[in-house]
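# Overview (structure and organization)
Each chain, letter by letter, is given below.
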Protein chains: 2
Amino acid sequence: MKIRVGIAGYGNLGRGVESALRSCEDMELIGIFSRRDPETIAPRTGVPVYSMEKAGDMQDQIDVMILCGGSRSDLPEQTPMLARQFNVVDSFDTHARIPEHFSRVDAASREGKKLSVISAGWDPGLFSLNRLLGQAILPDGADYTFWGKGVSQGHSDAIRRIPGVKDARQYTIPVEEALESVRRGETPELTARQKHTRECFVVTAEDADQKAIEEAIKTMPNYFAEYDTTVHFISEEELHREHDGIPHGGVVLRTGRTGFHRENSHVVEYRLKLDSNPEFTSSVLVACARAAYRLYREGQTGCKTVLDIPPAYLHPETAEELRKKLL
Amino acid sequence: MKIRVGIAGYGNLGRGVESALRSCEDMELIGIFSRRDPETIAPRTGVPVYSMEKAGDMQDQIDVMILCGGSRSDLPEQTPMLARQFNVVDSFDTHARIPEHFSRVDAASREGKKLSVISAGWDPGLFSLNRLLGQAILPDGADYTFWGKGVSQGHSDAIRRIPGVKDARQYTIPVEEALESVRRGETPELTARQKHTRECFVVTAEDADQKAIEEAIKTMPNYFAEYDTTVHFISEEELHREHDGIPHGGVVLRTGRTGFHRENSHVVEYRLKLDSNPEFTSSVLVACARAAYRLYREGQTGCKTVLDIPPAYLHPETAEELRKKLL
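As the structure is a prediction and not an experimental result, all values here were calculated from the model.

Once that is clear, we can look at the overall build of chain A. Summing up its helical and strand segments, chain A has eleven helices and 14 strands in all. In terms of overall size, chain A behaves like a compact globule, its C-alpha atoms giving a radius of gyration of 22 Å where 327 residues would be expected to give roughly 20 Å. Residue pairs in contact within chain A that sit at least 24 positions apart in sequence constitute 67% of those at least 6 positions apart. Taken as a whole, chain A presents about 14,000 Å² of accessible surface, with 45% of it coming from carbon and sulfur.

Next comes the structure, spelled out in C-alpha cells:
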C-alpha cells in the first residue's frame, strides 16, 4: 500500500512536491487542493485538482497532506486548520514565530489525533539539524551559518517596493575570507558585513532616477545598510535570461575543541548548493511526509520537527536494510 | 540528577570519553572499568577504577556504560555481555559485521530490558546518517564517501607486519580532482585508485632492505596494490615528532536532480576535519549515551543506531529550547 499524498497549494513548492513524488515508489499523489478555481489549474502530471473547501470530505483518501503555501499568511492559518483533519507537513520558515506556530499546530493535531511536521526544509530544517548535531557532539565550540550564493526573495521584494523599480533579484553571497577563517578553526567574531555581501540586479522604469534608487537600496536599514551592497541596472530581457533561476544554498559549520588541554581542534561542515531552492525544499517536505505517516501509524500524535524524527523514518527502506547498506 | 556514566576500557577512546564528559554538565563519570589490574591505571581526572568483573555489582550506580574497546575482539564479546546489565553505547565499526553485532546486542538488551546504541562514531555514525539523509531527500542521485586526510590504523598495522619494519604511519588522502568532479555534480564512476592515494611513513631496522619493503608495501593486495602509494623512509625521531597525531576526516556527498525534466542539480556535502579521530569518536559516544539514557527512561528497550535516534535526544537542552534556538 502506497502512502496517499495530497498537495495543498500549487505554486513553486507545490509543483516541486508534485515532481519529487514521481521519484518515490512508496508514495502516490491523490490530488491538489487550491483556493483558486480548480478549473484554472492544470497540473503537470494531470492529477485531479480540488477546491480547498473539499479537503475535509477526503480525509479517508489521503494519508498525508503536504502544505505548500507561504509562511507569511497561508501557513499560520492553513496548517492548524488542516492539522485537525489530516497528518500534515509544512515548511513554515519565519524563524521567530516557530514556537508559536508549533504550539498551535500541536494542539490541532492532538485534537484530531493526527501527526504533523512543521518547518521541514533546509533552514529551518537540515541546517537546524546540523546545528544541533554540532553542538551536541562538540559542546566546547562555536557555530556559524552562511547563506548563499542564492536569491533572497525577501530582499528582492524590498527592492521592488522602491518607486521606479520594475523588477529585481538580490543574491546573498558569503564572504569567502570569513568562511575560510572559520574552516581554519579560528572562531572569529563576525559582523553582518563581514559574513555576507549583497548583489542586486535591478530593472527600472525608463525615466527612473537610477542614482536615487541605488542610494535607496544601499541605505535601506536591516536589508542592505549593514552590508556591502553592489547594484547593477540591467534590462528586463537580461533579468529573465540570466536571473530567472532560484538557486540557493549555504554552509553550517561547527568548530570545537577536545582533549584535556583543549589541544585538538575539529571542523564539521555541512554545505548545500542548490539549483532550485523550492524544489529542494519540496524534496525535504516529501521525505518528512513519509516520516509523518510512519509515526502516525505507530500511534504517535502531535507536532514534530526534523529535530524529533528518527532519521530512518525519512528513508523508504527498512531499518534493517539501512543498517546493512549505510552503517 | 545527572546521568551517571561508566567507561569500559581505558585506551585512546576511554580517555577521550573521560575528557569529553567534562564538557557535559548533565553527565557525571562514576568510574572506569578495565580488564587490567585497576592498580596499574591512573585516570587523568582521578576517577575510581574498577575491575571489569565488578561491573555487575554496580548496576544501580550507573545509568549508561560507554564501551571503549576495539571492534576486532573486545566489543563483539563485551557489548552483548554488558547490554544485559546496563544501557550501553559502543563504536563498533566493522561495517560488514554490524547486522550480526546488532542482533546479538539487541537480544541482550531486550533480555535485560535495557537500551543500547551501537556503531556510534563518524563512520559508521555521522557519515551513515548523512548518506541516509541524502538518499531520502534526493532519491534521483548518487552518493560518494571520501576519507582523509587521515591516519588509517589498519593500513599502518599492515605495514608494521612486514619483516624489517619497526614502525609506520599510513595516511589516506582523497584525490582532489575526483572530489571536485563530484562537487560539480558530474556523478563520475570512480575506481579505488581514482578516489584515494596512500602515503606511508616507515621506520626500518638498520639492516633492512628498504627497496624490498617498499615493493612489499606497494604490491600488498587489498591494502595498497589498488592505489597510488608513496613510501617515505624516515627516522624514529621524525616519526614521533611529525606523525604522532591521529588526525582523520572525510567527506560524504550526495548529488541529485529534481524537476520535471531533471533540469536542476543539487549538491549536499558533509565534511569532517578532525585533529584527533579517537577524541571525536568519543564525543559522539557521549552524545549517544545521553540519548540512550533518555530513550531508556521513556521505556524503550533493545538496540538502536544513530539512524534510529531522534536528534533532539542527543542535545542537553529541551526540545522546546532547541526549537526556539536552532530552528
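The structure having been displayed, the exposition proceeds.
What follows deals with the packing of helix α1 (residues 12-21) of chain B against helix α10 (residues 277-297) of chain B. Residue and element names in this part refer to chain B. Here α1 crosses α10 at 60°, and the two axes come no closer than 8 Å. By the angle between their directions, the pair α1 and α10 is classed as oblique. Seen along the crossing, α1 lies across α10 with a hand that is right-handed. Contacts between α1 and α10 involve Asn-12, Leu-13, Gly-16, Val-17, Ala-20 and Leu-21 on the former and, on the latter, Pro-278, Glu-279, Thr-281, Ser-282, Ser-283, Leu-285 and Val-286. Along the lines of polarity and charge, the residues of the contact of α1 with α10 split into seven nonpolar, five polar and one charged.

Attention shifts here to the side chain of Ser-91 of chain B. Residues and elements named next belong to chain B. In this structure, Ser-91 sits in the loop between β5 (87-89) and α3 (98-112). Classification of Ser-91 as buried rests on a relative accessible area of 9%. Not counting residues within four places of it along the chain, the set of residues in contact with Ser-91 comprises Leu-13, Leu-67, Ser-71, Leu-75, Ser-119, Ala-120, Thr-281 and Leu-285.

It is worth spelling out the relation of the copies chain B and chain A at this point. Rotating chain B by 180° about the axis while translating it 0.0 Å along that axis superimposes it on chain A, leaving an RMSD of 0.0 Å. Taken together, the rotation and translation describe the operation of a two-fold axis. Here 100% of the contact residues of chain B are again contact residues in chain A; the copies associate through an equivalent surface.

This part takes up the interface of chain B and chain A. Taken together, the contacts link 67 residues of chain B with 67 residues of chain A. In this assembly, chain B packs against chain A so that about 6,000 Å² is buried in total across both faces, 64% of it on carbon and sulfur atoms. Considering only the surface of chain B that becomes buried against chain A, Phe-260, Leu-326 and Leu-327 of chain B emerge as the three largest contributors, covering 15% of it. In this assembly, chain B and chain A are joined by two salt bridges. Linking Glu-269 of chain B and Arg-271 of chain A is a salt bridge whose minimum nitrogen-to-oxygen distance equals 3.4 Å.

Before going further, it helps to examine the pairing of strand β10 (residues 196-204) of chain B. Residue and element names in this part refer to chain B. Within β10, eight of the nine residues are buried, which leaves the element mostly enclosed by the surrounding structure. As paired elements, strand β9 (residues 165-174) and β10 share nine bridges and run antiparallel to each other. Note on β10: the bridge partner recorded for Arg-169 is Phe-201. When β10 meets strand β11 (residues 228-233), the two strands line up parallel, connected through six bridges. The residue of β11 that forms the bridge with Val-202 is Phe-233. Handedness of the crossover joining β10 and β11 through helix α8 (residues 210-218): right-handed.

All right, on to the UniProt feature "domain: Meso-diaminopimelate D-dehydrogenase C-terminal" (unreviewed entry) in chain A then. According to UniProt, the positions carrying the feature "domain: Meso-diaminopimelate D-dehydrogenase C-terminal" (unreviewed entry) are residues 121-276 of chain A. Its end C-alpha atoms 13 Å apart, residues 121-276 of chain A is made of 31% helix and 36% strand.

When pLDDT is averaged along chain A, the result is 97; 100% of the residues meet or exceed 70. Here the prediction assigns the complex a pTM of 0.96, and the interface score ipTM is 0.96.

On to unusual backbone geometry. For the bond from Asp-123 of chain A to Pro-124 of chain A, the omega torsion is 5°, close enough to zero to count as cis. For Pro-124 of chain A, the position within the fold is in the loop between β6 (115-117) and α4 (126-137). Of note in the backbone geometry, Ser-119 of chain A takes a positive phi value of approximately 60° without being a glycine. Mapped onto the elements, Ser-119 of chain A comes out in the loop between β6 and α4. With a relative accessible area of 0%, Ser-119 of chain A lands in the buried category. Positive phi, close to 55°, is recorded for Arg-262 of chain B, a residue that is not glycine.

This part covers the pattern of salt bridges. Evaluation of the coordinates by the stated rule reveals 48 salt bridges over all chains. For Arg-160 of chain B, the salt bridge goes to Asp-157 of chain B, with nearest N and O atoms at 2.4 Å. Taken together, the positions of Arg-160 of chain B and Asp-157 of chain B, both in helix α5 (residues 153-160) and three residues apart, correspond to about one turn of that helix. For Arg-160 of chain B, a relative accessible area of 26% corresponds to the partly exposed category. What you see here is one network of salt bridges that share partners, running through Glu-176, Glu-180, Arg-183, Glu-269 and Arg-271 of chain A together with Glu-176, Glu-180, Arg-183, Glu-269 and Arg-271 of chain B.

A separate point is the sheet that holds strand β12 (residues 248-258) of chain B. The strand order across the open sheet built from six strands is β7(A)-β12(A)-β13(A)-β13(B)-β12(B)-β7(B), with neighbouring strands paired in antiparallel fashion. Unpaired on one side and paired on the other, β7 (141-147) of chain A together with β7 (141-147) of chain B mark the two borders of the sheet. Here the strands of the sheet are splayed against their neighbours by 10° on average, with no regard to which way each runs. Along the sheet face, α10 of chain B touches β12 (248-258) and β13 (264-274) of chain A together with β12 and β13 (264-274) of chain B and points at about 70° away from the line of β13 of chain A.

All names here are of chain B. Here four strands make up an open sheet; going across it, the order is β8-β9-β10-β11 and the pairing mixed. Looking at strand neighbours, the two that pair on one side only are β8 (150-151) and β11, the edges of this open sheet. Strand contacts of α5: β8, β9 and β10, with the helix running at about 145° to β9, the strand carrying the most contacts. Packed onto the sheet, α8 meets β9, β10 and β11 and runs at close to 150° relative to β11.

Once that is clear, we can look at the packing of helix α2 (residues 75-83) of chain B against α3 of chain B. All names here are of chain B. It is at 7 Å that the axes of α2 and α3 come closest, and there the two elements cross at 20°. Overall, the two elements α2 and α3 adopt an arrangement that is roughly parallel. At the point where α2 passes α3, the crossing takes the right-handed sense. On α3, the residues touching Leu-75, Pro-76, Thr-79, Pro-80 and Ala-83 of α2 are His-101, Arg-104, Val-105, Ala-108 and Ser-109. Looking at the contact of α2 with α3, its residues break down into six nonpolar, three polar and one charged.

How each quantity is defined
The numbers attached to residues start from 1 for each chain and follow its sequence in the written order. Chain labels run from A onward and ligand labels from 1 onward, assigned in the order the entries are written. Only residues with pLDDT of at least 70 get local features here, since the model is predicted, and only at 80 or more are side-chain atom pairs given and counted; chain-wide, interface and lining totals rely on the full set of residues. Values shown for side chains rest on all heavy atoms present in the structure; no hydrogens or waters enter the calculation. The secondary structure listing takes helices from DSSP runs of H or I that are at least 4 residues long and strands from runs of E that are at least 2 residues long, numbered from the N terminus. Every radius of gyration here is taken over C-alpha atoms, with the globule rule written as 2.2 Å times N^0.38, N being the number of residues. Pairs of residues are marked as contacts when any of their non-hydrogen atoms sit within 4.5 Å. For every accessible area listed, the method is Shrake-Rupley and the probe measures 1.4 Å; residues are considered covered only by the protein chains on display. Note on definitions: angles span 0 to 180 degrees between N-to-C directions of axes, and those axes are lines fitted to C-alpha atoms, for helices only across the stretch in contact. Relative orientations are named as follows: roughly parallel for angles under 35 degrees, roughly antiparallel for angles over 145 degrees, roughly perpendicular for angles from 65 to 115 degrees, and oblique for any other angle. Each crossing gets its hand from how the near helix is turned against the far one by less than a right angle, where anticlockwise is left-handed and clockwise is right-handed. Polar here means any residue other than Ala, Val, Leu, Ile, Met, Phe, Trp, Tyr, Cys and Pro, which are nonpolar, and Asp, Glu, Lys and Arg, which are charged; Gly is therefore polar. Each residue is assigned to one of three classes by its accessible area relative to the maximum for its type, calculated with a 1.4 Å probe on protein chains only: buried under 20%, partly exposed between the two thresholds, exposed over 50%. When the copies are superposed, the least-squares fit takes in the C-alpha atoms of residues with a pLDDT of at least 70 in both. Summed over both partners, the accessible area lost on bringing two parts together, with a 1.4 Å probe, is the buried area. Put simply, a salt bridge is a Lys or Arg side-chain nitrogen that is within 4 Å of an Asp or Glu carboxyl oxygen. Pairing between two strands requires that DSSP report at least two bridges joining them. Note on handedness: a clockwise path from strand one over the helix to strand two, with the strands aimed away from the viewer, defines a right-handed crossover. UniProt positions are given in the numbering used here, feature names are shortened, and annotations may be inferred rather than shown by experiment. Per-residue confidence from the predictor is reported as pLDDT, a score between 0 and 100.

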